[in-house]
Amino acid sequence: MNTNLFSTDRFLNRHIGPHGTERSAMLDTIGVESLDELIDQTDPPSIRNDRPLKNPEALTEYQYTITLRQMSQQNQIYTNFLGQGYYGTEIPPVIQRNILENPGWYTQYTPYQAEIAQGRLEALLNFQTMVSDLTGMELANASLLDEATAAAEAMTMIFADKNKRNKGEPINKFLVSDQIFPQTLELLYTRAQPLNIEVVVTDSMEPDERTFGILLQYPGQKGEILDLSSQIAKAKKVGSYVVMASDLLALCILKAPGELGADIVVGNTQRFGVPMGFGGPHAGFFACVDKFKRQIPGRIIGVSRDKKGNPGLRMALQTREQHIKRERATSNICTAQALLAIMAGMYAVYHGPEGLKEIALRVHALAKSAARELEALGFKQTNKYYFDTLHIEIGDSDINMLRSNLEAKKVNIRYISDFEVGISVDETTTFEELDILLTAFAAANNKSYSGGSLLSKINDLNLNYPDSIARNTPYLQHKIFNSYRSESEMMRYTKRLENRDLSLTSSMIPLGSCTMKLNAAVELMPITWPEFANIHPFAPIEQVKGYIEIITSLEQYLNEITGFTATSLQPNSGAQGEYAGLMTIRAYHLDRNEGHRNVVLIPSSAHGTNPASAVMAGMEVVVTPCDELGNIEIETLREMAIQYKEKLAALMVTYPSTHGVFEAAIREICEIIHDNGGLVYMDGANMNAQVGLTSPANIGADVCHLNLHKTFAIPHGGGGPGMGPICVNDKLAPFLPGHIYAQVGGDKAISAVSAAPWGSALILLISYGYIRLLGPNGMTDSTKVAILNANYLKTRLEKDYDVLYIGEKGRVAHEFIIDLRAFKKAGIEAASIAKRLIDYGFHAPTVSFPVAGTMMIEPTESESKAELDRFADAMISIRREIQNVVSGLADPHDNVIQNAPHTMADVINDNWDHKYSREAAAFPLPYLRKDKFWPPVGRIDNSYGDRNLVCTCPPIEMYAD
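An account of the accompanying structure is given in this report. All values derive from a computational prediction rather than experimental measurement.

Here the focus is empty space enclosed by the protein. In total, this model carries 8 cavities of 30 Å³ or more according to the counting rule given. Reported here for the largest cavity is a volume of approximately 190 Å³. Lining the largest cavity are 23 residues, with Gly85, Tyr87, Phe181, Asp247 and Arg271 sitting closest to its centre. Of all elements in the fold, only strand E5 (211-218) and strand E6 (241-246) reach the threshold of two or more residues within the lining of the largest cavity. Its residues assigned to classes, the lining of the largest cavity shows 8 nonpolar, 11 polar and 4 charged. In this model, the second largest cavity occupies a volume close to 150 Å³. Lining the second largest cavity are 16 residues; nearest its centre among them are Leu100, Pro281, Leu339, Ile527 and Ile763. No other element matches the 3 residues that helix H12 (residues 338-376) contributes to the lining of the second largest cavity.

Okay, here's the thing in structure tokens:
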């Protein structure tokens, strides 16, 4: 017997579904001899890589964990008093274990199919209620990416609103308080430039008739809390909108911005139980007056009814998802931060209003105690009123000694100048840490501090805010925030919600273009390690050597995969990546004195975020048509490129196409654009079909964004987090985005596109792990098997459904579209088929995108043949049910498809009066008798409630068990 001394436990075997005889059987079904033969028939040889990937060889799960542990030790966990929107927080273990570390929550998809998303919809409704209550606003969305981008979204939204009927000179001035966080200001500059918005930083706030809005920070970046009523009154007098950036924990004891007259309130919920993670992911928030409910960016969860009249939740005002407006959009937001919003909302559920207020009061008392001791040591604290942040003038004290002493004790504070510093305390601050801080300050002033006195003095520190800023209105009065104080109750509540949702723990989620692939446990484990989770995004670079090594390596790996020379990991969503890519193209043209190049050609099949991103980047969108196979009409494209030759900035192209086909002429398409002075932006949504076989650089693109939450295994988390880094060639490398707090980007960098230098840095660990665990051969094999699985399903279904687009040799890429429009004459819509799939225990494929009345199916490489067959059997069974309606064997109105999905209550109802059996409704195939997912509600009414939208916690009776 031969003994193999090398480990055989390869991660590849865990990540990929079909192996050995399964693959052979699938290839036989497709009708090819080998996987390579299938790839040759699918992916044009003319654009294939001429060499294999050169990324590091694969590690086993054990090897990877050991390696990452060693790298994590290079990060130094300091006591942070840095603040600036990021704070230490205590994650309740019941939330960490049952939500953040639970695949039943992190592998959910965006809740477009409301009937199987009631759990996360309720959790997001809790988040909206929390934000609305604390800000005092009428409406809140279900999260945005971070505070800085939320502020930028507010600016562009009200700019569009003020100018939509204005026929004269643009109303384009935006006044920004000099107390705004610096990272927020930089984002405002980025978004303002292409739209010709004039951002004016001021301490006086004197708006005029050209001012469409003002932005105030409450509390300010140096910690001061001012009575802002006079500044708000000035803005209202001239018709300007008021935006306030605020802190939800502070609002537990501060007067709500809504009471002060704000129109929009933005901020970050990070300190509600979400780790700093070197910058993210965190759920930004956006709350506003009811007037903006059809303009607000992002998603809104609202209360509706199901078919039987029972209360149910759904995404409301769905046309308000900005990218659906395409070139008429005022935002390109697609991804939110759903998982992090759920955590923040659960933090409020767990602590309740009393618990949150206690935390806020303790934080304030610690800050006040520190201020008193610092003043006793001879320092001046300049803020009259503050919450958690002190502004200290150090006078003649030795700032170098202070810095040296604090660094020796592993303490970070904010060094504003040679004469002033900032100190922010938080929920995790201890008396011992404050003693260390105060001892260092004392030494810098040639004094001594004995320590240990804070605890004895803290009880006499009363809140002394004047009525103009003190909160006197209640919040979080709904039952949901006053019921789950014990861990057992909280655990059961989160489990009840989890059980109302379908995730990858239940079945495959075959969504085309969204790539719901395996999120392996080993990839996610490190995100809760303190050495990664508890790092402030603005920590000095020498404290984060482990992060920098991982980030640098990941950039190199992505360069190799895409064929490009430089990468920015800053964009924290796919849409942000699109925007960043276009902004680098804009900067390139401006640098060549060709700023007049502003036309972007976009295929008609493109995802709606493409034209939305182009408009945000100040570009003019021109749509180029596709033929009946879904390919770009090359001669029409050539004519358009020549027509706009003097103004052509770029082409935005998705590859493989949005229709799931490799376009053989892609290189010619890129050459046409280059010949006419433009650059090529490749949307990386379908990179899952490229890795290891071809690359964006190989096809002739200049820049691409990558959806790390698709191809590179970051979980969707119920609709976020995502990451959308961009990779570029030599032409665009100098223009990669920079940041005020880190040396990132090129030597001609555009300003930042996200609040933190590396975006949501914590989840970069997941994609880093994906690449290290699979290695170059594993990633290439993953791409091949993704194509195998798609073609296997296509072969199994094409006898029953028309496949809309196929390649020249009859193959599809990693996804394909089935045409359901022929069934409409029998009264059966694609949406009804999607609902019927729920009865079979499956999430529907992508419905009516990119073609109305169709389904786009993508199985991913991680699904086994058995799971693929189960899905195929379900679809074939549904096709028979459709045929029964078409042929008249089933009632055209009362049938299993039109009434789907069927709840348990439906099936056990004594008054069953349908013209089909209970068994046909609930158990159409044998496997369902063993393992059945029951939807908690019937079909949701997608029109109910939009006019009188209820987007905060609904009446108590909805929660009755």
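Within the fold, Ile399 resides in helix H13 (residues 399-408). As for Ile399 and Glu420, which are separated by 21 residues in sequence, their C-alpha atoms are 8.9 Å apart. Apart from the residues lying within four places of it in its own chain, the contact partners of Ile399 are Ile394, Tyr415, Ser417, Asp418 and Val421.

Let us now look at the sheet that holds strand E11 (residues 380-381). Taken together, the 5 strands give an open sheet; going across it, the order is E1-E13-E14-E12-E11, and neighbouring strands pair in mixed fashion. The sheet is open, and its two edges are formed by strand E1 (79-81) and E11, each paired on a single side. Note that strand E13 (residues 411-415) and strand E14 (residues 420-424) share 2 bridges and pair antiparallel. Each bridged residue has a counterpart across the sheet, and for Tyr415 the counterpart in E14 is Val421.

Another aspect to go through is the nonpolar core. Met130, Ile264, Ile413 and Phe441 are the most contacted members of the largest nonpolar core, which has 279 residues in total. Examining the composition of this core, we find that 22 residues originate from one element, H12, more than from any other. Excluding its chain neighbours within four sequence positions, the residues that come into contact with Ile413 are Phe81, Leu82, Leu402, Leu406, Val421, Gly422, Ile423, Leu437 and Phe441. Residues Tyr579, Ala614, Ala617 and Met619 belong to the second largest nonpolar core, which totals 30 residues.

This paragraph deals with the pattern of salt bridges. For the coordinates displayed, the defined rule picks out 39 salt bridges. A salt bridge links Arg638 to Glu635, with the nearest nitrogen and oxygen atoms 3.3 Å apart. Of the two residues, Arg638 and Glu635 are both situated in helix H22 (residues 634-643); the distance of 3 residues between them amounts to about one turn of the helix. With a relative accessible area of 27%, Arg638 lands in the partly exposed category. According to the relative accessible area criterion, Glu635 is partly exposed, its value standing at 48%. The shortest N-O distance in the salt bridge between Asp839 and Arg836 comes to 2.8 Å.

On to the packing of aromatic side chains, then. Following the criterion strictly, the structure yields 23 aromatic pairs and no others. Ring plane angle 85° and centroid distance 6.5 Å describe the contact between Tyr385 and Tyr465, whose orientation is recorded as edge-to-face. Of the two residues, Tyr385 is situated in the loop between E11 and strand E12 (389-393) and Tyr465 in the loop between helix H15 (454-457) and helix H16 (487-499); the sequence distance between them amounts to 80 residues. Judged by centre distance (5.3 Å) and plane angle (75°), the rings of Phe532 and Tyr547 are edge-to-face. Taken together, the positions of Phe532 in helix H18 (residues 530-533) and Tyr547 in helix H19 (residues 545-562) put the pair 15 residues apart, joining distant regions of the chain. Overall, Tyr547 belongs to the buried group, its relative accessible area being 1%.

When you tally the buried positions in strand E10 (residues 311-316), you get 5 out of 6 residues, the bulk of the element. Of the strand pairs in this sheet, strand E9 (residues 300-305) and E10 are connected by 6 bridges, and their pairing is antiparallel. Residue pairing for E10: Arg305 is matched across the bridge by Pro311. Hairpin connection of E9 to E10: 5 residues between the antiparallel strands, including Gly309 at a positive phi of 90°.

Turning to its location among the elements, Ser573 is positioned in the loop between strand E15 (566-568) and helix H20 (574-591). Among the residues examined, Ser573 registers a relative accessible area of 1% and is labelled buried. In sequence terms Ser573 and Leu187 are 386 residues apart; their C-alpha atoms lie 15 Å from each other. In this view, Ser573 contacts Leu145, Thr335, Gly722, Met723 and Gly724; residues no more than four positions away in its chain are not counted. Of the polar contacts made by the side chain of Ser573, one reaches the backbone nitrogen of Ala575; its length is 3.4 Å.

Okay, the packing of H13 against helix H14 (residues 431-444) next. Their axes nearest at 8 Å, the elements H13 and H14 cross at an angle of 150°. By the angle class used here, H13 and H14 are roughly antiparallel. The hand of the H13/H14 crossing is right-handed. Between H13, through Met401, Leu402, Asn405 and Leu406, and H14, the contact on the second element is made entirely by Leu437, Ala440, Phe441, Ala443 and Ala444. Per-class residue counts for the contact of H13 with H14 are 8 nonpolar, 1 polar and no charged.

Further remarks concern the packing of helix H25 (residues 764-797) against helix H27 (residues 865-886). Contact geometry of H25 with H27 gives a least axis separation of 10 Å together with a crossing angle of 30°. With respect to each other, H25 and H27 are oriented roughly parallel. Both H25 and H27 take part in a crossing whose hand is right-handed. Residues Asn789, Tyr792, Leu793, Arg796 and Leu797 of H25 form the contact with H27, whose own contacting residues are Lys865, Leu868, Asp869, Phe871, Ala872, Asp873, Met875 and Ile876. Class assignment for the residues of the contact of H25 with H27 results in 8 nonpolar, 1 polar and 4 charged.

Thresholds, definitions, all that
What you see as residue numbers is a count from 1 along each chain, following the sequence as written. In keeping with the predicted nature of the model, local features appear solely for residues at pLDDT of at least 70, side-chain atom pairs appear and are counted solely at 80 or more, and the whole-chain, interface and lining totals rest on all residues. Only hydrogens and water are set aside when side-chain values are computed; all heavy atoms of the structure are taken into account. Space inside and on the surface of the protein is sampled on a 1 Å grid over the protein atoms alone, with a cavity defined as a set of points where a 1.4 Å probe fits but cannot get out and a pocket as an open set with protein on both sides within 12 Å along at least 5 of 7 lines; lining residues have an atom within 4 Å of a point. Grid points are joined across faces, edges and corners, and a volume is the space filled by probe spheres set on the points. Under the DSSP-based scheme used, a helix requires at least four consecutive residues in state H or I and a strand at least two consecutive residues in state E, with every element numbered from the N terminus. In this classification, the charged set is Asp, Glu, Lys and Arg, the nonpolar set is Ala, Val, Leu, Ile, Met, Phe, Trp, Tyr, Cys and Pro, and all remaining amino acids, among them Gly, are polar. Here, residues are in contact when the closest pair of their heavy atoms is within 4.5 Å. At least two bridges found by DSSP between two strands is the condition for calling them paired. For the purposes of this section, nonpolar cores are sets of buried Ala, Val, Leu, Ile, Met, Phe, Trp, Tyr and Cys residues that join through side-chain atoms within 4.5 Å. The rule is simple: take the accessible area with a 1.4 Å probe, protein chains only, and divide by the maximum for that residue type; under 20% is buried, over 50% is exposed, in between is partly exposed. The working definition used for a salt bridge is a side-chain nitrogen of Lys or Arg within 4 Å of a carboxyl oxygen of Asp or Glu. Pairing of aromatic rings covers Phe, Tyr and Trp, the last counted by its six-membered ring, and requires centre-to-centre distances within 6.5 Å; plane angles under 30 degrees mean stacked, over 60 mean edge-to-face, and any other angle means tilted. Counting of polar contacts relies on pairs of N or O atoms within 3.5 Å, with two restrictions inside protein: one atom must be capable of donating a hydrogen and the other of accepting it, and residues adjacent in sequence are counted only when both atoms are side-chain atoms. Only the stretch in contact is used when fitting a helix axis, every axis being a line fitted to C-alpha atoms; angles between N-to-C directions are given from 0 to 180 degrees. Roughly parallel means an angle under 35 degrees; roughly antiparallel, over 145; roughly perpendicular, 65 to 115; everything else is oblique. For any helix crossing, the convention is left-handed if the near helix is rotated counterclockwise from the far helix by under a right angle, and right-handed if that rotation is clockwise.

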